[in-house]
Amino acid sequence: MTTQYGPSYVRAIAPYVAGKPISEVAREFGLDEAHIVKLASNENPLGMPESAKAAMAQAAADLGRYPDANAFELKVALSEHYGVPADWITLGNGSNDILELAAHALVEKSQAIVYSQYSFAVYALATQGIGARAIVVPPKGTSSGAPAVKHGHDLDAMLKAIDADTRLMFVANPNNPTGTFIEGPALEAFLEKVPKSVAVVLDEAYTEYLAADKRYDSIAWTRRYPNLLVSRTFSKAFGLAGLRVGFAIAQPELIDLLNRLRQPFNVNTLAQAAAVAALNDRAFLEKSAALNAAGYRRLTEAFEKLDLEYVPSYGNFVLVRVGNDDGAGARVNLALLKQGVIVRPVGNYGLPQWLRVTIGLPEENEAFIAALEKALAA
Ligand SMILES: *Cc1c(COP(=O)(O)O)cnc(C)c1O
């Protein structure tokens, strides 16, 4: 017998599958990088805000030194922006880091974590990574035979799924990869019913894209619910995915636990400077949201014309059903790759008939639609 290293629960993990990088697709398919369109990772198609670039250029002079471990300026900026004391905030190397930290800080190996089927892949990874038990709750069902994936988190079923071992729940709103959204009042009613012994990570990676009439104040809820931890990111609407900055807001008792496990320098110097600038760049956020709304209209109009089912989305991406056999997602994905269009197959989410496409610049959306039409006609 050869030695098996590591715990069995680590060996059992299926690694995260990221969107294919442009350079890799260029190599694999013999394409010119300049002609490749990447709509696979829900990045902001505008790229980084200029304000963040300028802040980074200035901060670059100091890279010989360690970052500020307490990220004083970024925490002050977040504190002012969101109206909470600085000790209600902790930072992550992306919000992915926050999700992992929450699992490590709040759950033991013998305990359980509740999350929804077809929600963000990192919840499963964070659960498996600590050897905890996953309680995966199917989305809201329907009697009409329409795919349940369209109906999003079933909060009542998630409440019922809480058992004596449960210490944490993950709720994504809007959810990735489905784009589904839970209205504020429903979410608040849910928080009211979650036992205080169970922490709730409310993962709001796409919240800046919500239309004014869909917004709700989850930060205010952290004052009322000591078990609520709101997770946000600079990777999506703020345009800083490559820098890796996320943050969490919760009462100090929860934040303090995450801080104990956090690497002291988990957010680097450039990232801290860029995040302060991006946070205060309202014009960039507004432009990003408007571009996204227009792109969403264009993509969904094309899906309707092609008679493709899609899930109404509140994020910067759309889940679209490209066939009704379980080979459809992989097949259409390959046909798109050959044309230089990278989207995200979601077979690993249990959605083999669907693809998730990030809303891009107008010309990127057009390139995707043209390639999709060709792929479906073949
Ligand atoms: C993109 C995403 C994140 C994490 O992004 P980071 O880049 O790690 O901040 C978290 N949650 C959801 C639902 C996401 O889609």
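Residues numbered from 1 in each chain as written. Predicted model: local features only at pLDDT ≥ 70, side-chain atom pairs only at ≥ 80, totals over all residues. Heavy atoms only, no water.

S.K.: Hey, could you go over the domain arrangement of the chain for me, with residue numbers and the actual values?
M.R.: Entries for the chain in the domain assignment read domain 1 (8-35 + 283-377) and domain 2 (50-280). Facing the 26 residues of domain 1 at the interface are 30 residues of domain 2. Between domain 1 and domain 2, roughly 2,400 Å² of surface is buried when both sides are summed, and carbon and sulfur atoms account for 70% of that area. Inspection of the region where domain 1 meets domain 2 yields one salt bridge. (Domains from an automatic or database assignment. Contact = heavy atoms within 4.5 Å. Buried area = accessible area lost by both parts, 1.4 Å probe. Salt bridge = Lys/Arg side-chain N within 4 Å of Asp/Glu carboxyl O.)

S.K.: With reference to specific residues and values, describe the sheet that holds strand β9 (residues 310-311).
M.R.: Sheet strands line up and pair through hydrogen bonds in the backbone, either parallel or antiparallel. Here we have four strands laid out as an open sheet, ordered β9-β10-β13-β12, and antiparallel in their pairing. Lying at the two open borders of the sheet, with one neighbouring strand each, are β9 and β12 (344-345). Across two bridges, β9 lies against strand β10 (residues 317-321) in antiparallel orientation. Within β10, the residue paired with Tyr310 across the bridge is Val320. The strands touched by helix α13 (residues 328-338) within the sheet are β12 and β13 (354-358), with β13 carrying the most contacts at an inclination of about 40 degrees. (Pairing = 2+ DSSP bridges. Helix = DSSP H or I, 4+ residues; strand = E, 2+ residues; numbered from the N terminus. Axes fitted to C-alpha atoms, helices over the stretch in contact; angles between N-to-C directions.)

S.K.: Would you mind going over the UniProt feature "modified residue: N6-(pyridoxal phosphate)lysine" (unreviewed entry) in the chain in detail, with residue names and values included?
M.R.: Mapped onto the present numbering, the UniProt feature "modified residue: N6-(pyridoxal phosphate)lysine" (unreviewed entry) falls on Lys236. Beyond its immediate stretch of four places on either side in the chain, Lys236 contacts Ser41, Asn42, Asn44, Ala205, Tyr206 and Tyr209. (UniProt positions renumbered as here; feature names shortened; annotations may be inferred.)

S.K.: Kindly report on the site of the ligand, identifying the contributing residues and their values.
M.R.: For the ligand, the full set of nearby residues is Gly94, Ser95, Asn96, Phe120, Asn176, Asp203, Ala205, Tyr206, Thr233, Ser235, Lys236 and Arg244. Between the ligand and the protein, one listed contact pairs an oxygen atom with a side-chain N or O atom of Lys236 at 3.2 Å. Coverage of the ligand by the protein amounts to 93% of the 390 Å² it exposes when considered alone. When each cavity is represented as a set of grid points, the ligand is found to reside in the second largest pocket. Residue classes in the shell around the ligand are distributed as three nonpolar, six polar and three charged. (Near = heavy atom within 4 Å. Polar contact = N/O pair within 3.5 Å; in protein donor to acceptor, adjacent residues only side chain to side chain. Areas by Shrake-Rupley, 256 points an atom, 1.4 Å probe, with all protein chains shown as cover. 1 Å grid on protein atoms, 1.4 Å probe; cavity = no way out; pocket = protein on both sides within 12 Å on 5 of 7 lines; lining within 4 Å. Sits in = over half its atoms within 2 Å of the grid points. Nonpolar A, V, L, I, M, F, W, Y, C, P; charged D, E, K, R; others polar.)

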